[in-house]
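The residues making up each chain are set out below.
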Amino acid sequence: MSNYQNILAVIDNNNNSHSLVQKALALSKRSNAELTFLNLSNQDNSIPAISPANLSTPFIEQNKVNVVKAKTTKAYPAISEELSNNSYDLIIKNKITKHHNYMGISPCDDWKLLRNSSAPLMLVTKTQWQSHGHLLTAIETEEKTSLHNALNRDILEHSYRLSEQLASKVHLINCYLGEDPSISLTSSSLGMNFISQKDLHWQHLKMLSGNNLEIDQELHLQQGIPETEISLMAIKYDVNMVIIGTAEHNSLVGTIFGHTSEYIIDELQCDVLAVKNSVTHH
């Protein structure tokens, strides 16, 4: 399982800068990745929270850490410009406080990045990562297209990678709204068998999780609205991070009112990693 190789960490005027810097340094060290700090702050001095002690550590001495001063303090255009000039396989940014997108109001920078950036986006809070903690990975199993299956594989790859780097247990969660009035059917040698939506979702979730004995993982099937159930599960296990797929559908309705994944992220109070389908960006 390959590590991140080139990480972009975005420093703004948010008071969570110290936490973001520490997380970026820790993750880049564990991944042995090149790290670039993009400074959006209106301060001209060195990036906050990078002290001389940090800069003299063996990791910093042996690995290249860049600092780039952005031409603007606005996150989306600054990040977009940096992404157009350099290739990154992970963006780390402070998470914006809950933002509701109503018709006629422009989406926030986080939503723009979720929709338009090809790189995975990690939105972080000031909460520190716990050693031997938990990761919560949201998997949607109903759609069976090849693109969606590829997205699920990408989500799981990121989850298992982070579970090793953060020494965290993986919790896979799948949400469904309830029983479909048209009962699902499966074929067998004896004919057609009836199967409940709950059992069908369990089958799909177990199939996706596979038999990866190297990863400490637990499966959860919840009936209810995803943004509610995922948020409650994140609180229950006090997770270090929620990993989720995002912006797979580009419909007009989704563009105006927001995608389900964006509302899920809005409800979360913890760090989030939003993964887009790598297949569509090759």
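Cut-off values and rules
- Residues numbered from 1 in each chain as written.
- Predicted model: local features only at pLDDT ≥ 70, side-chain atom pairs only at ≥ 80, totals over all residues.
- Heavy atoms only, no water.
- Core = buried A, V, L, I, M, F, W, Y, C linked by side-chain atoms within 4.5 Å.
- Buried < 20%, exposed > 50% of the residue type's maximum accessible area, 1.4 Å probe, protein only.
- Contact = heavy atoms within 4.5 Å.
- Phe/Tyr/Trp six-rings, centres within 6.5 Å; stacked < 30°, edge-to-face > 60°.
- Lys NZ or Arg CZ within 6 Å of the ring centre and 35° of its normal.
- Salt bridge = Lys/Arg side-chain N within 4 Å of Asp/Glu carboxyl O.
- Helix = DSSP H or I, 4+ residues; strand = E, 2+ residues; numbered from the N terminus.
- Pairing = 2+ DSSP bridges.
- Axes fitted to C-alpha atoms, helices over the stretch in contact; angles between N-to-C directions.
- Polar contact = N/O pair within 3.5 Å; in protein donor to acceptor, adjacent residues only side chain to side chain.
- pLDDT = per-residue confidence, 0-100.

Structural notes on the nonpolar core
Then step 1. In this structure, I79, L136, I230, V242 and L268 are the most contacted members of the largest nonpolar core, which totals 34 residues.
Then step 2. What V242 contacts, discounting residues up to four positions off in sequence, is L136, I230, A234, L268, C270, D271, V272 and L273.
Then step 3. Judged by nonpolar contacts, the second largest core, of 33 residues, contains I7, I139, V170 and M241.

Quick look at the packing of aromatic side chains
Each aromatic ring pair is specified by the distance between its two centres and by the angle formed by the two planes.
Then step 1. Per the counting criterion, the structure on display carries one aromatic pair.
Then step 2. Of note, R161 hangs over the ring of Y4, and the distance from its end group to the ring centre comes to 4.4 Å.

Some thoughts on the pattern of salt bridges
Then step 1. The full count for this structure, using the stated rule, is six salt bridges.
Then step 2. A salt bridge links D271 to K23; the nearest nitrogen and oxygen atoms lie 2.7 Å apart. Taken together, the positions of D271 in strand β12 (residues 271-275) and K23 in helix α1 (residues 17-31) put the pair 248 residues apart, joining distant regions of the chain.
Then step 3. Judged by relative accessible area, D271 falls into the buried class, the value being 1%.
Then step 4. The salt bridge partner of E81 is K71, with a shortest N-O separation of 3.4 Å. Pair noted here: E81 is in helix α4 (residues 75-85) and K71 is in the loop between β3 (65-69) and α4, with a separation of ten residues, a long-range link.

Description of the side chain of H220
Then step 1. Residue position: H220 is located in strand β10 (residues 217-223).
Then step 2. Exposure remark for H220: the relative accessible area of 8% places this residue in the buried category.
Then step 3. Ignoring anything within four residues of it in the chain, the contact list for H220 reads H171, L172, I173, N174, W202, L205, M233 and Y237.

Quick word on the sheet that holds strand β6 (residues 134-138)
Across a sheet, strands are paired by hydrogen bonds formed along the backbone, either parallel or antiparallel in direction.
Then step 1. One open sheet holds the ten strands; their spatial order is β3-β2-β1-β4-β5-β12-β11-β6-β7-β10, and the pairing between them is mixed. Both outer strands of the open sheet, β3 and β10, are each paired with one neighbouring strand and no more. Between one strand axis and the next, the sheet turns through 20 degrees on average, direction left out of account.
Then step 2. For β6 and strand β11 (residues 241-245), the ladder comprises three bridges, and the chain directions are parallel. Bridge assignment links L136 to a residue of β11, and that residue is V242.
Then step 3. Strands in contact with α1 are β1 (6-11), β2 (34-39), β4 (90-94), β5 (121-124) and β12; relative to β1, the strand with the most contacts, it is inclined by about 175 degrees.
Then step 4. Against the sheet, helix α5 (residues 109-116) touches β4, β5 and β12, its axis set at about 160 degrees to β5.

As for the pairing of β12
Then step 1. Counting buried residues along β12, five of its five residues qualify, which places the element largely inside the surrounding structure.
Then step 2. Neither face of β12 is left uncovered, since the one carrying D271, L273 and V275 and the one carrying V272 and A274 both have all their residues buried.
Then step 3. Where β5 meets β12, three bridges bridge the pair, whose relative direction is antiparallel. Across the sheet, residue L121 finds its bridge partner in β12, namely A274.
Then step 4. In the sheet, β11 pairs with β12 via five bridges, with the strands oriented parallel. Considered in β12, the bridge of I244 is made with A274.

Brief notes about the environment of N42
Then step 1. Position of N42 relative to the elements: it lies in the loop between β2 and α2 (52-55).
Then step 2. Considered as a pair, N42 and A70 are 28 residues apart in the sequence and their alpha carbons are 9.5 Å apart.
Then step 3. Once you skip the residues sitting within four places of it in the chain, N42 turns out to touch N13, K69 and T73.

A look at the side chain of K93
Then step 1. Along the chain, K93 falls in strand β4.
Then step 2. Within polar-contact distance, the side chain of K93 engages the side chain of D110 at 2.6 Å.

Notes on the environment of Q223
Then step 1. Checked against the element boundaries, Q223 lands in strand β10.
Then step 2. Classification of Q223 by relative accessible area gives partly exposed; the value is 49%.
Then step 3. Sequence separation between Q223 and N174 is 49 residues; the distance between their C-alpha atoms is 8.6 Å.
Then step 4. There is a polar contact of 3.5 Å between the side chain of Q223 and the side chain of Y176.

Re the confidence of the model for the protein
Predicted coordinates in areas of low pLDDT are best not read in detail.
Then step 1. Of the residues in the protein, 74% reach a pLDDT of 70 or more, and the chain-wide mean stands at 79.
Then step 2. Segment residues 181-185 is flagged for pLDDT under 50; beyond a separation of four residues in sequence, or across chains, it makes eleven contacts in the model.
Then step 3. Low pLDDT (under 50) marks residues 251-258, which in the prediction has 16 contacts with non-local residues, meaning those over four places away or in another chain.

Points about unusual backbone geometry
Excluding glycine, most residues fall at negative phi; most peptide bonds, likewise, are trans.
Then step 1. The phi dihedral of H132 is positive, around 55 degrees, even though this residue is not glycine.
Then step 2. Following the sequence through the fold, H132 ends up in the loop between β5 and β6.
Then step 3. One non-glycine residue, A167, lies in positive phi territory at about 50 degrees.
Then step 4. With respect to the helices and strands, the residue A167 is situated in the loop between α6 (146-165) and β7 (169-176).
Then step 5. For A167, a relative accessible area of 34% corresponds to the partly exposed category.

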